[in-house]
Amino acid sequence: MEAFQQLDFFALEDQYSEEELMVRDAVREWVGERFLPLVMEHFENGTFPMELVPELAELGVFGPTVPEEYGGAGMNSVAYGLICQELERGDSGLRSFVSVQGSLVMYPVLAYGSEEQKREWLPRLASGEVIGCFGLTEPDFGSNPGGMLTTAVRDGDDWILNGRKMWITNGTCSQMAIVWTRGEEGIMGFIVPTDLPGFSAPEQKHKWSLRASITSELVLEDVRVPNRLRLPEGNGLKAPLGCLSQARYGIAWGGVGAALACFDEGLQYSQQRIVFDKPLAGFQLAQKKLADMATDITMGQMLALRLGRLKDEGRVTAQQVSMAKRNNVKLGLDVARTVRDMLGANGISLEYQTGRHMLNLESVSTYEGTHDIHTLAIGHELTGLPAYR
Ligand SMILES: Cc1cc2nc3c(=O)[nH]c(=O)nc-3n(C[C@H](O)[C@H](O)[C@H](O)COP(=O)(O)OP(=O)(O)OC[C@H]3O[C@@H](n4cnc5c(N)ncnc54)[C@H](O)[C@@H]3O)c2cc1C
C-alpha cells in the first residue's frame, strides 16, 4: 500500500489555521512512523505500547487544551479534534488512551478541582508521569450512571469508598483514578491514588474489540481517601456528564479518523486488486460504495469542524456533541464494514487495518453514551419530551 492519502473532497484544508495543520501533521507523522508499525502485535497480544507514553507527552496530546500554567499546551478545540482524528486513524485504543487522560482525568481536575489539586496533578498528567483513569460505569449501571451504587461515607477528615466499577479504560496501568460515588450529599468525585489500601484494578480479558487498550474493573474495599482529594466542585451527575461531553467531542473527530484510514485502504486496494481481468475500482458496484463513503466522510468532516468552531466560540451544546458523536462513530463503523467487504478474504487479516478498526468501533459506538442514548438526547432536544424511561 502507498502512504496514507487523506480524502479532502471539499477542500477543507483551507478552513484550518496554519497552527492547527501543524499539530495535525505532527501527530499524523508520529502515528505513521511510531505507532502503526506496532499496533498489529499489540492488538493480537491485548496490550498497549506503554513505552510510547513519553513520546505522546512530548507531542503535547495529553490535555492539549489545558492552560500552559498547568502543564498543558493551551491549544484550541479544533487542534484537539484534529489530534483525536489522527490518533484514531491509528487505532481507537490509542485515541481512547489520550481521551481518558485529557478529557476524563485532566478535565475534571481542571474544572472541578481546587487550585492545590490542579497544581499537584495536572503537570504530572500532562507529562505522562502519572496516568489516570475515569471510573463511572458499574456492573449494573452504564447508560444510567445516576443509579450508581459505589458509596463514599465521611469518617473524620477522610472518606471511606466502597463499590465496583467496570469497563474502565487504563484502570490497571493508572497511578490515579477519578472515581464517582454516591454519598449523603449526592454524587461526588474523588481523586483516588491507586496505591491506597483496599483499591485494586484487575484487567478485563477476552475482549475482541479495543484490544490494544487496557480495560479494567475497579474494586474499592474500604478505601480511605483524605478529604483534600475530594473534587470540591465535582458534585451531582452533571459533573461526570460534563467530562463525558469533552470526551465525546474528541470521539466525533476520532470517528472521522478511523473512517479516513479505512477509506484510504479500500480505495487503494480496489485500484490494485484485479477481479475478472480489471481493477475492482473499475466496477460500478465498487464505485457506488466509494462514492457513498466519500460523501458520508465529507459530511462527517464538516460536522466535526463546525462542532469545533462552535466549541472554540463557547457556543457548543451537549446535544450538538451527541449528534456529532452518534453520526461520526456510525460513519466510521459503516465505512469499516463496507471496506472490510471490499477487501475480500484480506479483510479479515490484521495485516490490513480495516478489520481492526471495524472491531474497535463497536466499543466506540457503545461507550461514552451508546448510539441509542444519543438518539434519545437528540430526540429530547427536538421534542422537549424525555424518552429515556
Ligand atoms: C472498551 C470499553 C471501554 C470503556 N471505558 C470506560 C471508562 O473508561 N470509564 C467508564 O466509566 N466507562 C467505560 N466504559 C463503559 C461504557 O461507557 C458503558 O458500557 C456504556 O455507557 C453502556 O453501558 P452498559 O454497557 O451498561 O450498557 P446498558 O446501559 O446496559 O445498555 C444496553 C443496551 O440498552 C440500550 N439502552 C439503555 N438505556 C436505554 C433506554 N433508555 N432506551 C432505549 N435503549 C436503551 C443501550 O443503547 C444498549 O443498546 C467502557 C466500555 C467499553 C466497551
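Quick summary incoming for the structure in this document. (Residues numbered from 1 in each chain as written. Predicted model: local features only at pLDDT ≥ 70, side-chain atom pairs only at ≥ 80, totals over all residues. Heavy atoms only, no water.)

A word on the pattern of salt bridges
This is how it is decided: What counts as a salt bridge is simple: a side-chain nitrogen of Lys or Arg found within 4 Å of a carboxyl oxygen of Asp or Glu. The secondary structure listing takes helices from DSSP runs of H or I that are at least 4 residues long and strands from runs of E that are at least 2 residues long, numbered from the N terminus. Each residue's exposure class comes from its accessible area (1.4 Å probe, protein chains only) as a fraction of the maximum for that residue type: buried when under 20%, exposed when over 50%, partly exposed otherwise.
All told, the structure shown has 23 salt bridges when counted by the stated rule. Glu20 serves as the salt-bridge partner of Arg309, at 2.9 Å between the closest nitrogen and oxygen. With a gap of 289 residues between them, Arg309 in helix α7 (residues 284-312) and Glu20 in helix α1 (residues 18-45) connect regions that are remote in the sequence. In this structure, the salt-bridge partner of Asp25 is Arg24, at a minimum N-O distance of 3.0 Å. In this structure Asp25 comes out as partly exposed when scored by relative accessible area, which is 34%. Taking relative accessible area as the criterion, Arg24 reaches 4% and is therefore assigned buried.

Overview of the site of the ligand
To be explicit about the condition: Throughout this document, a residue counts as near a molecule or strand when at least one of its heavy atoms sits within 4 Å of that molecule or strand. Any pair of N or O atoms that falls within 3.5 Å is considered a polar contact. Within protein, one atom must be able to donate a hydrogen and the other to accept it, and sequence-neighbouring residues count only if both atoms are side-chain atoms. Each accessible area value is a Shrake-Rupley result obtained with a 1.4 Å probe; residue values ignore everything except the protein chains displayed when judging cover.
Taken together, 18 residues lie near the ligand, and Thr137, Ser143, Trp167, Thr370 and Tyr388 sit nearest. Between Phe134 and the ligand, the recorded distance is 2.9 Å, taken from a backbone N or O atom to a nitrogen atom. With respect to the ligand, the side chain of Ser143 contributes an N or O atom lying 2.6 Å from an oxygen atom. Compared with its free state, where it exposes 980 Å², the ligand has 67% of that area covered by protein.

Side note on the pairing of strand β2 (residues 151-155)
To keep it simple, the criterion reads: Two strands pair if DSSP finds at least two bridges between them.
With five bridges connecting them, β2 and strand β3 (residues 158-169) associate as antiparallel partners. Considered in β3, the bridge of Ala152 is made with Leu161. If you look at the hairpin formed by β2 and β3, you'll find two residues sitting between the two strands, and Gly156 has a positive phi there, around 65°.

Some words on the packing of helix α8 (residues 318-342) against helix α10 (residues 371-383)
To keep it simple, the criterion reads: For every element, the axis is a line fit to its C-alpha atoms; helices are fit only across the contacting stretch, and the angle between N-to-C directions ranges from 0 to 180 degrees. In what follows, roughly perpendicular refers to angles from 65 to 115 degrees, roughly parallel to angles under 35, roughly antiparallel to angles over 145, and oblique to any angle outside these ranges. Here a crossing is called left-handed whenever its near helix is offset anticlockwise from the far helix by less than a right angle, and right-handed whenever the offset is clockwise. The criterion used for residue contact is that any of the two residues' heavy atoms lie within 4.5 Å. The classification used treats Ala, Val, Leu, Ile, Met, Phe, Trp, Tyr, Cys and Pro as nonpolar, Asp, Glu, Lys and Arg as charged, and all other residues, Gly among them, as polar.
Running from amino to carboxyl end, α8 crosses α10 at an angle of 140°, the nearest separation of the two axes being 9 Å. Put simply, α8 runs oblique to α10. Relative to α10, α8 is oriented so that their crossing is left-handed. Residue-level contacts link Gln319, Ser322, Met323, Lys325, Arg326 and Lys330 of α8 to His371, His374, Thr375, Ala377, Ile378 and Glu381 of α10. For the contact of α8 with α10, the class distribution of residues is three nonpolar, five polar and four charged.

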